[in-house]
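What the coordinates show
Chain residues, written in single-letter form:
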Amino acid sequence: MRLTPKHKLTLLIIFYGAWGLALGVSIARYGLGVSTDSVAYMFAGKNLFAGQGLTTYSENPFVLWPPVYPVLLGVVNSLTGIEVFHAAILLQFLAYGLTSTVTALLLRDIFPNDFAFVLLGSAVIAIGPVVIITFQLVGTDYLHLALVLTCLLILGRYARRQSPAHIWWMVLLGGITGLLRYTGLAVTLTGAILVFFYTSGPLRRRLARSFWTGLAALPAGGWILAERLIFRPPRREPIEFSRSLAQYSGSILEWFTQAEIGEAGPLLVWLLWGIVAALVVFLLAARRVQPVFAPESVAILGYGLVYTILLLGISSQTYINRLIGRFVLPVYVPLILLALLAAEAFVRLVKARFTNSIPKIAAAATFLVLLLAFLPIGSESIATIRETAANGAGYENIYNSREWNENEIIRFIKEHPLPENARLFSNYPAGIAFHTWRTVYPSPHKYAGPYSDKVIPLKSYRGELFARGEDTYLIWIEPNLYEHVYQVGELAEIARIVPVLENEDGGIYQLLPR
């Protein structure tokens, strides 16, 4: 039976609808995962439209991140009246719809005569573990992926038609993408390079269009410059390049092995990038015999290369904790596409050389190899869906897990809110802020940070703790993983500690000036 366009569309709609339902079921109990960054994003959006400026849960300026995501949360919150947490869920599903649509269009243009590759590619891209964990977390990464793929689709359209309108769409979406995540600049750089090569006509015209495309970098560049000049954030020494590459490579290998690799050893690093290089060489060789690269595939693969170089370059100059998980998400689609392109090119080469049953056998064998290679991805994804449904999201989710929601201290402050005019402090200020939707300050630090040995005198916190004569409460959550903060008992030097509730999950204490 030959599938008609209507049949193909129906199959894609069924798949994406079913998978969207699975994602919805996975977060039905607890909602999206919440990290410290997540709380900063949500409070920045909430505070901005409440007239308090772009500030975080501790009233600090929102300066460590670009501004588009909290603005979007605030807009949805203002227009619909739903809480910013639910606004984040709505944005994730809108991003899922955009990602699904754009992925299907990209793969249709890349594999116009091979719907099996379109369907397989759509499935593997949608269910990737790294895709799921970013969908299940409040943050910019999943929406960033949707906008990047949209930019690449537009870039492919430009290569085919060279319409100036596509340039301006790339400038608009590229500018937004850069203000969503700074690494979004990679799609602008990719666009500027490929617009130059795909534009026909004199050199002046090619340079001009490439220049206009590059204007998308100005908003993010301006924000970064203003942040550095006004707030002068402290600089930490970057991690060694070899370690960054090992983390980046190990995180990619985990997609296909279901093993916790962490930092990949030199052999694994060489193996991974050797396979990638071999697939690229094979495609370049196959290109001499028959067309292999559609403009959309060039855009996606080119973006993967530019992003990898840019990220590793940035990590060698600026401190990035670990290049895992969400940092590897942008290269997931390029690497999956690379495997699909190599498989399709092999099948087509066999068909061109043989006329008997060998092409059918080769096609079946190739598809079987792909399924076996992608099997760990599907298995890991199903396990992730089940675990999230039972216990809350895993990756980087600190504050919206089953453990946190069942914590007796958290339950108490939800059922018995503390006085509205009280100043709240906590060893987990972001977590308490998320569960109370109130401003929460960090409890006094004994050291300047986790890696500092400089002691901060406790008496220096007296003014901060007892400002304006307001009631002061300390909400302490156990287990406490932060050794750089003063323990509850140590605060007795400057405060009289009155327990409100105390148990194995932590405690709530009113602090009175001593």
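Before any of the text, the structure's been laid out above.
The structure contained in this document is the topic of the report that follows. (Residues numbered from 1 in each chain as written. Predicted model: local features only at pLDDT ≥ 70, side-chain atom pairs only at ≥ 80, totals over all residues. Heavy atoms only, no water.)

So, about the overall build of the chain. Along the backbone of the chain there are 20 helices and 5 strands. Taking 24 Å as the expected radius of gyration for a compact globule of 514 residues, we find that the chain reaches 26 Å, a close match to that expectation. Overall, the C-alpha framework of the chain stretches about 90 × 50 × 50 Å when taken along its three principal axes. Counting the 514 residues in the chain, one finds 51% classified as buried. Pairs at least 24 residues apart make up 71% of the contacts formed inside the chain by residues separated by at least 6 positions. Summed over its atoms, the accessible surface of the chain is roughly 24,400 Å², and 64% of this surface lies on carbon and sulfur atoms. Between the averaged position of the 40 positive side-chain charges in the chain and that of its 33 negative side-chain charges there is a distance of 16 Å. (Helix = DSSP H or I, 4+ residues; strand = E, 2+ residues; numbered from the N terminus. Rg over C-alpha atoms; globule rule 2.2 N^0.38 Å. Buried < 20%, exposed > 50% of the residue type's maximum accessible area, 1.4 Å probe, protein only. Contact = heavy atoms within 4.5 Å. Areas by Shrake-Rupley, 256 points an atom, 1.4 Å probe, with all protein chains shown as cover. Lys, Arg positive; Asp, Glu negative; His and termini not counted. Charge placed at Lys NZ, Arg CZ, Asp CG, Glu CD.)

Together, Leu-48, Phe-49, Val-71, Val-75 and Leu-79 make up a nonpolar patch on the protein surface, roughly 410 Å² of accessible area in all. Broken down by element, the residue count for the nonpolar patch peaks at 3 residues, all from helix H3 (residues 68-80). Structurally, Leu-79 is set in helix H3. (Patch = residues over 30% accessible without salt bridge, like charges linked within 9 Å, V, L, I, M, F, W, Y side chains within 5 Å. Salt bridge = Lys/Arg side-chain N within 4 Å of Asp/Glu carboxyl O.)

Within the secondary structure layout, Glu-478 lies in the loop between strand E3 (472-477) and strand E4 (495-503). In this structure Glu-478 comes out as partly exposed when scored by relative accessible area, which is 31%. For the pair Glu-478 and Thr-177, spaced 301 residues apart in sequence, the C-alpha to C-alpha distance is 38 Å. Those residues in contact with Glu-478 that sit more than four places away from it in its chain are Asn-407, Glu-504, Asp-505 and Gly-506. Within the structure, the side chain of Glu-478 is placed 3.0 Å from the backbone nitrogen of Asn-480, a separation counted as a polar contact. (Polar contact = N/O pair within 3.5 Å; in protein donor to acceptor, adjacent residues only side chain to side chain.)

Now for the packing of helix H7 (residues 141-161) against helix H9 (residues 185-198). Geometrically, a packed helix pair is captured by the angle between its two axes and the distance between the axes. As a packed pair, H7 and H9 sit with axes 10 Å apart at the nearest point and diverge in direction by 5 degrees. Taken together, H7 and H9 sit at an angle that is classed as roughly parallel. Here H7 contributes Val-148, Cys-151, Leu-152, Leu-155, Tyr-158 and Ala-159 to the contact with H9, which in turn contributes Val-187, Thr-190, Gly-191, Leu-194, Val-195 and Tyr-198. Residues that form the contact of H7 with H9 fall into these classes: 10 nonpolar, 2 polar and no charged. (Axes fitted to C-alpha atoms, helices over the stretch in contact; angles between N-to-C directions. Parallel < 35°, antiparallel > 145°, perpendicular 65-115°, else oblique. Nonpolar A, V, L, I, M, F, W, Y, C, P; charged D, E, K, R; others polar.)

What follows deals with the pairing of strand E1 (residues 423-426). By the alternation rule, side chains of E1 split into Arg-423 and Phe-425 and Leu-424 and Ser-426, which are all buried. Across 4 bridges, the pairing between E1 and E3 is parallel. Across the sheet, the residue bridging to Leu-424 is Tyr-473, located in E3. Pairing of E1 with strand E2 (residues 440-442) involves 3 bridges; the strand directions are parallel. In the strand pairing of E2, Ser-426 is matched with Pro-442. Between E1 and its parallel partner E2, the chain crosses via helix H19 (residues 429-436), and the hand of that crossover is right-handed. (Pairing = 2+ DSSP bridges. Right-handed = clockwise from strand over helix to strand, strands pointing away.)

Where E4 and strand E5 (residues 506-513) come together, 8 bridges link them in antiparallel fashion. Considered in E5, the bridge of Val-498 is made with Gln-510. In this antiparallel pair of consecutive strands, E4 and E5, the connection spans 2 residues.

Note on pairing: side chains with opposite charge can pair once their charged atoms come close. The full count for this structure, using the stated rule, is 12 salt bridges. Salt-bridge contacts for Arg-157 lead to Asp-109; the nearest nitrogen and oxygen are separated by 2.4 Å. Placement of Arg-157 in helix H7 and of Asp-109 in helix H4 (residues 84-110) is noted, with a sequence separation of 48 residues between them. Each member of the pair, Arg-157 together with Asp-109, is buried. Residue Lys-446 pairs with Glu-490 through a salt bridge whose shortest N-O separation is 2.7 Å.

Turning our eyes to something else, we now look at the sheet that holds E1. With mixed pairing, the 5 strands of this open sheet are ordered in space as E2-E1-E3-E5-E4. Two strands close off the open sheet at either side, each with one partner strand: E2 and E4. Across the sheet, the mean angle from the axis of one strand to that of its neighbour is 30 degrees, orientation sign disregarded. Across the sheet, helix H18 (residues 408-415) is in contact with E3, E4 and E5; its angle to E4 comes to roughly 100 degrees. Contacting E1, E2 and E3, H19 runs over the sheet at an angle of about 170 degrees to E2.

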